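So you can see what is in the structure, the chains are spelled out below.
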Amino acid sequence: MSKKFNLFVGKAGQLYVMSEFLMRGWNVAMPEVDTGDDIFVVEDENDTFFRIQVKTAQAIDRQNGYSVQFNIPLYQLEEYNTAIYYVFLIRRKNQWSDIILMPQLKLYDMIHIDKIGALSGNNIVLYCSIQNNKITCSKTDFTPYLNNFNDFPIIEH
Amino acid sequence: MDKLTIYYSFKGNGILFGPTSYDYESLKKLFPNAQPAKSIFVEYDRQSDFKNYHAQLENYIFPAIAGFPVSEDLKKIKVIEFMMTPGRTVTYTIKNNIYEQEIQPICG
């Protein structure tokens, strides 16, 4: 898969995630200058604000289920930050498949305390396998974070 | 609870404090009648030298993080350490309500 195609996949994932937040009644915006954050998400009525990092990956089918790999720049996980959320999005068989939402603090703790992931250059690589609706990333159960919109309840307008 | 770790990081206009995700869950179990805080942001005057004085906050922050005032119950937490990120450096430790500053606060 070419680097250029990866750019298309990444942008497609970013726009899909934006649409999901919009459908939940949250306002969204993209920063004009790319400094690392993909999306801003705002609850207009009370100024609740999150910065969202979207990571999109194409699934590879396996004998029992499928697998994906996400690369996360290390610098994004050096500092504790409660305003950042990670959204891991999986594309499979030409459709958007699973969406995993996790606060940065949780991922930060998993990486620095539980030592999950593999260091590759300046990235942390998470290898995830999905089987029978259970998601395991670097031997850690990510299933509780599947469709985890708890911090983004539907806003009725 | 042997140790409570509270992260902190400097922002442009203040300091963000909060327990690790694991310690937050432990606090909820240890003190089921309390409301532990996921994070506390202390905002300062951006032009002030607030980064030189944060070491005065720790004694007030940890009860707020735990969710209730300093009391005998809080002694169930044996050690409270404040860890700066990035770097994951412990800059302040509270042991059994004896406030002890292990390392000089890192400024900026």
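Above this text is the structure in question.
Residues numbered from 1 in each chain as written. Chains lettered and ligands numbered in written order. Predicted model: local features only at pLDDT ≥ 70, side-chain atom pairs only at ≥ 80, totals over all residues. Heavy atoms only, no water.

(A) Molecular detail of the overall build of chain B. Of regular secondary structure, chain B possesses two helices and six strands. For chain B, the α and β elements follow one another from N to C terminus as β-β-α-β-α-β-β-β. Residues classed as buried in chain B amount to 46% of the 108 residues present. Put simply, 57% of the contacts in chain B that link residues at least 6 apart link residues at least 24 apart. Working note: accessible area of chain B is about 5600 Å², and carbon and sulfur atoms make up 49% of it. (Helix = DSSP H or I, 4+ residues; strand = E, 2+ residues; numbered from the N terminus. Buried < 20%, exposed > 50% of the residue type's maximum accessible area, 1.4 Å probe, protein only. Contact = heavy atoms within 4.5 Å. Areas by Shrake-Rupley, 256 points an atom, 1.4 Å probe, with all protein chains shown as cover.)

(B) Region of interest: unusual backbone geometry. The residue after B:Thr85, namely B:Pro86, is reached through a cis peptide bond having omega -5 degrees. In this structure, B:Pro86 sits in the loop between β4 (79-84) and β5 (89-95). With a phi close to 65 degrees, A:Asn133 is a non-glycine residue in the positive phi region. Relative to the helices and strands, A:Asn133 is located in the loop between β9 (123-131) and β10 (134-137).

(C) Layout of the side chain of B:Ser21. Along the chain, B:Ser21 turns up in helix α1 (residues 21-30). Every residue in contact with B:Ser21, bar those within four places of it in the chain, is listed here: A:Leu105, A:Lys106 and A:Asp109.

(D) Focus on the layout of surface pockets. The calculated volume of the largest pocket comes to roughly 860 Å³. Contributing to the lining of the largest pocket are 26 residues, with A:Asn6, A:Gly10, A:Val54, A:Lys55 and A:Thr56 lying nearest its centre. The set of elements that each furnish at least two residues to the lining of the largest pocket consists of α1 (3-23), β3 (48-58) and β5 (65-73) of chain A. Across the lining of the largest pocket, the residue classes break down as ten nonpolar, eleven polar and five charged. In this structure, the second largest pocket spans a volume of roughly 490 Å³. As for the second largest pocket, its lining consists of 20 residues, and the residues nearest its centre are A:Pro103, A:Leu105, A:Asp151, B:Ser21 and B:Lys38. Listing elements by their share of the lining of the second largest pocket, those giving two or more residues are α2 (104-112) of chain A together with α1 of chain B. Looking at the lining of the second largest pocket, the element that brings in the most residues is α1(B), giving five residues. Across the lining of the second largest pocket, the residue classes break down as nine nonpolar, six polar and five charged. (1 Å grid on protein atoms, 1.4 Å probe; cavity = no way out; pocket = protein on both sides within 12 Å on 5 of 7 lines; lining within 4 Å. Points joined across faces, edges and corners; volume = space filled by probe spheres on them. Nonpolar A, V, L, I, M, F, W, Y, C, P; charged D, E, K, R; others polar.)

(E) The arrangement of the sheet that holds β3(A) in detail. All names here are of chain A. Taking strand neighbours across the sheet as the criterion, the five strands line up as β1-β2-β3-β6-β7 in an open arrangement whose pairing is mixed. Whereas interior strands pair on both sides, the edge strands pair on one side only; in this sheet they are β1 (27-29) and β7 (95-103). Sheet twist, expressed as the average angle between the axes of neighbouring strands with direction ignored, equals 30 degrees. Summarising the sheet, β1 and strand β2 (residues 39-43) pair through three bridges and their orientation is antiparallel. If you follow Ala29 over to β2, its bridge partner there is Phe40. The strands touched by α1 are β1, β2, β3, β6 (84-92) and β7; relative to β3, the strand with the most contacts, the crossing angle is about 140 degrees. This element, α2, spans β6 and β7 of the sheet and lies at about 80 degrees to β7. (Pairing = 2+ DSSP bridges. Axes fitted to C-alpha atoms, helices over the stretch in contact; angles between N-to-C directions.)

(F) Here's a closer look at the packing of aromatic side chains. Within this structure, the stated rule accounts for 18 aromatic pairs over all chains. Centre to centre, the rings of A:Tyr80 and B:Tyr7 are 5.5 Å apart; their planes meet at 45 degrees, and the pair counts as tilted. Note that A:Tyr80 is positioned in the loop between β5 and β6 and B:Tyr7 in strand β1 (residues 3-11), a pairing that runs across two chains. When its relative accessible area of 0% is taken as the criterion, B:Tyr7 is described as buried. By the ring-pair criterion, three or more aromatic residues cluster together here, those being A:Phe21, A:Trp26, A:Phe50, A:Tyr85, A:Phe149 and A:Phe152. (Phe/Tyr/Trp six-rings, centres within 6.5 Å; stacked < 30°, edge-to-face > 60°.)

(G) Molecular detail of the pairing of strand β2 (residues 14-19) of chain B. Residue and element names in this part refer to chain B. In terms of residue burial, β2 counts as a mostly covered element, since six of its six residues are buried. Judged from the six bridges that link them, β1 and β2 form a sheet pairing that is antiparallel. Counted as the bridge partner of Ile6 is Pro19 from β2. Hairpin remark: β1 followed by β2, antiparallel, with two residues in the connecting loop.

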